[in-house]
Amino acid sequence: MELLLANHGSYPRIGDSPGQQRLRRAYAQHERGEITSKEFDAIQTSMIQEIVQEQAEAGLDLVTDGQIRWYDPISHFAGRLDGIKINGLLRFFDTNFYIRQPVVADQVLWKGPVLVEEYRSAQAVSPKPVKVVVTGPYTLARFSILESSRYRDLPEIVAAYTDALTKEVEALAAAGATLIQIDEPSILQHPGDAGLVKAALSRIASRKGRARLLLATYFGDAAPLYESLQAFPVDALGFDFTYSRDLADLIARRGSDKAIAFGLIDGRNTRMDRTEEILLILQRALPKVKGSPSYLTSSCGLEYLPRDKAQLKLKRMAAVRAELAGRG
Amino acid sequence: MSRAKLKGLGIDLPTFPTSTVGSFPKPDYLVEARAKFAKAKIERKELEELERRATAFWIKTQEEIGLDVLVDGEMYRGDMVAYFSELMPGFEQSGLVRSYGNRYYHKPIIVGEVQWPGPMTIGWWRYAQGLTKRPVKGMLTGPYTVMDWSFNEYYPDRRSACLALARAIRREVEVLVEAGAKIIQIDEPALSVRPEELPFAIEAMHLVTDGLPAYFIIHACYGAFDAIYSQMLKLPVDNLDLAISHSTLNLMEMFRRDPFTKDLSLGVLDVHSHEVEAPETVRARIEKGLKLLPKELIWIDPDCGLKTRTVEEARGKLVNMLAAVKVLRAESGVN
Ligand SMILES: [Zn+2]
């Protein structure tokens, strides 16, 4: 059973050394018009290069661009679609992080790739394959305000975002992305809408080409949804183990028909995860997982942690796998 | 019932007692002084002098506006959690974490047993109360919010971290009561973020308030209150400050299912808006509350701390709030 080490998605774009704060300074300079967009972009690229390197050095198999260019996981994609305006700040789940809320003001239309260039430029500087992460249509819809009369309700907004994301995924696969992660944290708050998410993913999956699709859930207990998720049209399922007492047992008992992204490293707390505890879960669950490869990752993106701790968490992932391999 | 409790504590308030949520904008001279102090360009003594001057300004301003229950304005606090975590043993500061856009902050980390370090707010409370005859509230950040806004490397889980913080914060409440504070507000803006954790947040509040002779207010500004409303009635406090005056919730329905059993602070000013609401707007918001609850249970305040507004905006909003309250008091035949 192959177990790859994968960064979840976001990564701290700032650290405590002056060099690691260059993006923060550049952001302010760019806002004041003191540097051009091109100069600002070059600094973003250099930060992506730095963190991609950091992930590779920690021993990861799959890296991300850390969403360094994103304002937040909601407005980055939604805000680049026709028909969407961006509103004020809104708290992102139970974090102390705030997103800008999209307003569906008119017909939602995909104007062209949003993430393809980001993927290409990250891959160009990365020694390891880059995993692409995009927020799914259901979560985008849940954070959106409906103003336009073109859409009547939540399912119709989900369908509109699904159209756009289907095209995006098709473009990403064509650009060579081999693993595309769709984040749907909102589904855990509204398990009754699982059917809606499944239908949306079916449409997206129909255009994924040769890319693998990973559905990532987090910020909630996925155990109640576990059985229905097994029938979703994706290659792998991602779980946040920090909110659930039963999930590890459930996987060990029921097994999984799909590969699993084990979010066993706590992405929300600086405490170092215990290798022994993680090993116990992996040793019980992995033999029951049918899809391959599976992934060891954090419970959510690492941007909720300070940079030094995020880096230590990546190293801990590598230590867990080394220990696992050592025990055969 | 709460009115009787206040009387018992020697506090007599008019119908629709007016108050504020705690923080006021810092005057320019204080903002500058804080920046200089951060760069070690001035001494702590010099900063404290200006903090006292600003506190006195706000006490006088609140009296002029006509507020009934005053606050010290938190001129000496930056962040509502960091103020306490920087004073309490058991905490360290993390590296920078982003909150949105280009905004970053140092998040507290619990690295050892959290302890009460001795009085943290008494000096400021005494100073403020010494400037006025009206009651000044004691103001503390609650254990659940301190826990939720901190990393936890020491306690085995969130509940035990929260309860340990509650025991430490109770000590501060005890000395506030000893010093003479009769009304104490506990700020718990994080209270509704994980509804499944409300039982231990309530348990923590028992540790903070049980058996202490004071009128307790809990301020919880962000709200998924529909999910947790009926449980919130179990909080061992006298007054819930919920900032629901312009919420879209069907409060009528919620209150019919579970009758409201405490005093309610209505939160009738939108602190996030620059607009100074007209007295008629404020009055309409109060009247909305009056449809839900008898007037004896209602307190009037802004929906959160006013620290993000300018001094003039804050004053203008509060003046209009009091204008609306005066009309309603006159109409209901009380004063
Ligand atoms: Zn508040």
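All figures in this text were calculated on a predicted structure; none of them were measured in a lab.

Engineer: Account for the overall build of chain B, naming residues and giving values.
Structural biologist: A count of helical and extended segments in chain B gives 12 helices and 9 strands. Buried positions account for 60% of the 335 residues belonging to chain B. Across chain B, contacts joining residues at least 24 apart in sequence account for 76% of those joining residues at least 6 apart. Taken as a whole, chain B presents about 13700 Å² of accessible surface, with 52% of it coming from carbon and sulfur.

Engineer: Summarise the side chain of Asp238 of chain B; cite the residues concerned and give the values.
Structural biologist: Residue and element names in this part refer to chain B. Mapped onto the fold, Asp238 is located in the loop between helix H9 (225–232) and strand E7 (239–241). A relative accessible area of 10% means that Asp238 is categorised as buried. A polar contact of 3.1 Å, which involves the side chain of Asp238, links it to the side chain of Lys5. At 2.7 Å, the side chain of Asp238 forms a polar contact with the backbone nitrogen of Phe216. If sequence neighbours within four positions are ignored, Asp238 has contacts with Ser2, Lys5, Ala214, Tyr215, Phe216, Lys262 and Asp263.

Engineer: Describe the pairing of strand E2 (residues 103–110) of chain B, naming the residues involved and giving the relevant values.
Structural biologist: Residues and elements named next belong to chain B. Across 7 bridges, strand E1 (residues 91–100) lies against E2 in antiparallel orientation. In the strand pairing of E2, Phe91 is matched with Ile110. Hairpin connection from E1 to E2: 2 residues lie between these consecutive antiparallel strands, with Gly101 at a positive phi of about 45°. In this structure, E2 lies alongside strand E4 (residues 151–152), joined through 2 bridges in parallel fashion. What sits directly across from Ile110, in E4, is Asn152.

Engineer: If you had to explain the interface of chain B and chain A to someone new, which residues and values would you point to?
Structural biologist: Often, the extent of an interface is quoted as the loss of accessible area upon association of its parts. Taken together, the contact pairs 24 residues of chain B with 26 residues of chain A. Carbon and sulfur atoms make up 47% of the area that chain B and chain A hide from each other, which totals about 2300 Å². Of all residues in chain B, Leu96, Arg98 and Asn102 of chain B bury the most surface against chain A, accounting for 27% of the area lost on that side. One can count 3 salt bridges joining chain B with chain A. For Asp94 of chain A, the salt bridge goes to Arg194 of chain B, with nearest N and O atoms at 2.5 Å. Across the contact surface, chain B and chain A share 12 residue pairs in polar contact (both at pLDDT 80 or more).

Engineer: Can you explain the side chain of Lys313 of chain A? Please cite residues and give values.
Structural biologist: Note that Lys313 of chain A resides in helix H11 (residues 307–326). With near-sequence residues (within four places) excluded, Lys313 of chain A lies in contact with Ile265, Asp266, Asn269, Thr270, Arg271, Met272, Asp273 and Leu305 of chain A.

Engineer: Any chance you could break down empty space enclosed by the protein for me, citing the residues and the numbers?
Structural biologist: Residue and element names in this part refer to chain A. Enumeration according to the criterion identifies 8 cavities of 30 Å³ or more in this entry. Empty space within the largest cavity amounts to approximately 150 Å³. In terms of lining, the largest cavity is formed by 19 residues, of which the most central are Ser10, Gln67, Pro73, Tyr218 and Tyr304. The calculated volume of the second largest cavity comes to roughly 100 Å³. As for the second largest cavity, its lining consists of Gly9, Thr64, Asp65, Gln67, Trp70, Leu115, Glu118, Tyr119, Val130, Lys131, Val132 and Val133. At the level of elements, helix H4 (116–125) and strand E4 (132–135) are the ones that each hand at least two residues to the lining of the second largest cavity. A breakdown of the residues in the lining of the second largest cavity according to their chemical character gives 6 nonpolar, 3 polar and 3 charged.

Engineer: Provide a residue-level description of the pattern of salt bridges, including the pertinent values.
Structural biologist: Within this structure, the stated rule accounts for 47 salt bridges over all chains. Between Arg69 of chain A and Asp41 of chain A there is a salt bridge, with its nearest N and O atoms 2.5 Å apart. Of this pair, Arg69 of chain A sits in the loop between helix H2 (37–58) and helix H3 (75–78) while Asp41 of chain A sits in helix H2, placing them 28 residues apart in sequence. Overall, the relative accessible area of 35% leaves Asp41 of chain A in the partly exposed class. Linking Arg120 of chain A and Glu117 of chain A is a salt bridge whose minimum nitrogen-to-oxygen distance equals 3.2 Å. Here Arg120 of chain A pairs with Glu117 of chain A, and both are found in helix H4, just 3 residues apart, close to one helical turn. Assessed through its relative accessible area of 43%, Arg120 of chain A is described here as partly exposed. What you see here is one network of salt bridges that share partners, running through Asp94 and Arg268 of chain A together with Asp148, Arg158, Arg194 and Glu197 of chain B.

Conventions adopted
Residues numbered from 1 in each chain as written. Chains lettered and ligands numbered in written order. Predicted model: local features only at pLDDT ≥ 70, side-chain atom pairs only at ≥ 80, totals over all residues. Heavy atoms only, no water. Helix = DSSP H or I, 4+ residues; strand = E, 2+ residues; numbered from the N terminus. Buried < 20%, exposed > 50% of the residue type's maximum accessible area, 1.4 Å probe, protein only. Contact = heavy atoms within 4.5 Å. Areas by Shrake-Rupley, 256 points an atom, 1.4 Å probe, with all protein chains shown as cover. Polar contact = N/O pair within 3.5 Å; in protein donor to acceptor, adjacent residues only side chain to side chain. Pairing = 2+ DSSP bridges. Buried area = accessible area lost by both parts, 1.4 Å probe. Salt bridge = Lys/Arg side-chain N within 4 Å of Asp/Glu carboxyl O. 1 Å grid on protein atoms, 1.4 Å probe; cavity = no way out; pocket = protein on both sides within 12 Å on 5 of 7 lines; lining within 4 Å. Points joined across faces, edges and corners; volume = space filled by probe spheres on them. Nonpolar A, V, L, I, M, F, W, Y, C, P; charged D, E, K, R; others polar.

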